[in-house]
Amino acid sequence: MDELSEEAKTLLRRVLERGRISYDSLSEGERKVLDELVRLGYVRLYVEPNGRKIADALRMVGPIRGVQVVRRRYVCLGIIAVVFSLFLYLSVRAFLIDYLSVGVFFLIVGAVMVYIIYLVLRRYYPECVGFH
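Residues numbered from 1 in each chain as written. Predicted model: local features only at pLDDT ≥ 70, side-chain atom pairs only at ≥ 80, totals over all residues. Heavy atoms only, no water.

1. Describing the overall build of the chain
Piece 1. Across its full length, the chain carries 5 helices and 0 strands.
Piece 2. Each helix and strand of the chain, placed in order from N terminus to C terminus, yields the pattern α-α-α-α-α.
Piece 3. For the chain, contacts bridging at least 24 residues in sequence account for 52% of all contacts bridging at least 6.
Piece 4. Counting every atom, the chain has about 10,700 Å² of accessible surface; 61% of that belongs to carbon and sulfur. (Helix = DSSP H or I, 4+ residues; strand = E, 2+ residues; numbered from the N terminus. Contact = heavy atoms within 4.5 Å. Areas by Shrake-Rupley, 256 points an atom, 1.4 Å probe, with all protein chains shown as cover.)

As C-alpha cells, this is what we get:
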C-alpha cells in the first residue's frame, strides 16, 4: 500500500465523507494532492457539464444525438403503452359485463396492434426499439 501524505489523507477523508467534491472548490495545493490520489487510484475524475452553462454549450455544439434518441424512445414507448392500455381497458370492460369472447378478441387485437407498431418502429425508427 502506498504511503499518503497528510494532505492527501485529509482530502481523501473529505471525498469519502461527501462522496463528491467540485474541482473548482479546491485550492492549488489540494489540486496537486488530488493528482496524487488519482495517480495512485484512490479517486476517479469525472467530467460533467456545468448546469449554469448548459444552454450555451448546447448552442455551441448543436443538437446532441443521444438526447434525441432518448426522447424519441420515450415517445415510441408511450405510443405502444397507450395503444395496449386502450385495448386492455376495452377487454377488461368486456370481461366485467360477461362478454368473454369480446374481451379475448380485444386482447388479441391489442397484442397484434402492439406487434405491428413494434415492426413499424423497428423498420423506420430503429433507435426507438434498441437497434442502431
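Read on, since the account is not over.
2. Focus: the environment of valine 43
Piece 1. Position of valine 43 relative to the elements: it lies in the loop between helix H2 (28-40) and helix H3 (54-61).
Piece 2. Residues valine 43 and leucine 12, spaced 31 residues apart in sequence, show a C-alpha to C-alpha distance of 8.0 Å.
Piece 3. Apart from the residues within four sequence positions on either side, valine 43 is in contact with Leu12, Val15, Leu34, Leu37 and Val38.

3. A short note on the environment of tyrosine 118
Piece 1. The residue tyrosine 118 is located in helix H5 (residues 100-124) in this model.
Piece 2. The class of tyrosine 118 is partly exposed, set by a relative accessible area of 28%.
Piece 3. Considered as a pair, tyrosine 118 and cysteine 76 are 42 residues apart in the sequence and their alpha carbons are 8.9 Å apart. (Buried < 20%, exposed > 50% of the residue type's maximum accessible area, 1.4 Å probe, protein only.)

4. Some points on the nonpolar core
Side chains that are nonpolar tend, in soluble globular proteins, to be buried together.
Piece 1. Formed by Leu4, Ala8, Leu11, Leu12, Val15, Ile21, Leu26, Val33, Leu34, Leu37 and Val43, the largest nonpolar core amounts to 11 residues.
Piece 2. Secondary structure elements with two or more residues in this core: helix H1 (6-18) and H2.
Piece 3. It is H1 that provides the largest number of residues to this core, a total of 4 residues.
Piece 4. The contact partners of isoleucine 21, leaving out residues within four places of it in the chain, are Leu11, Arg14, Val15 and Leu26.
Piece 5. Ile80, Phe87, Val114 and Ile117 belong to the second largest nonpolar core, which has 7 residues in total. (Core = buried A, V, L, I, M, F, W, Y, C linked by side-chain atoms within 4.5 Å.)

5. A short note on H1
Piece 1. Its 13 residues give H1 an end-to-end C-alpha distance of 18 Å, which sits within 8% of 18 Å, the value for a rise of 1.5 Å per residue.
Piece 2. All of the buried residues along H1 are Ala8, Leu11, Leu12 and Val15. Seen along its axis, H1 keeps its buried residues to an arc of 100 degrees; they face one direction. Of the exposed residues in H1, the ones pointing more than 90 degrees away from its buried face are Glu6, Glu17 and Arg18. (Expected span 1.5 Å × (residues − 1). Arc of directions from axis to C-beta.)

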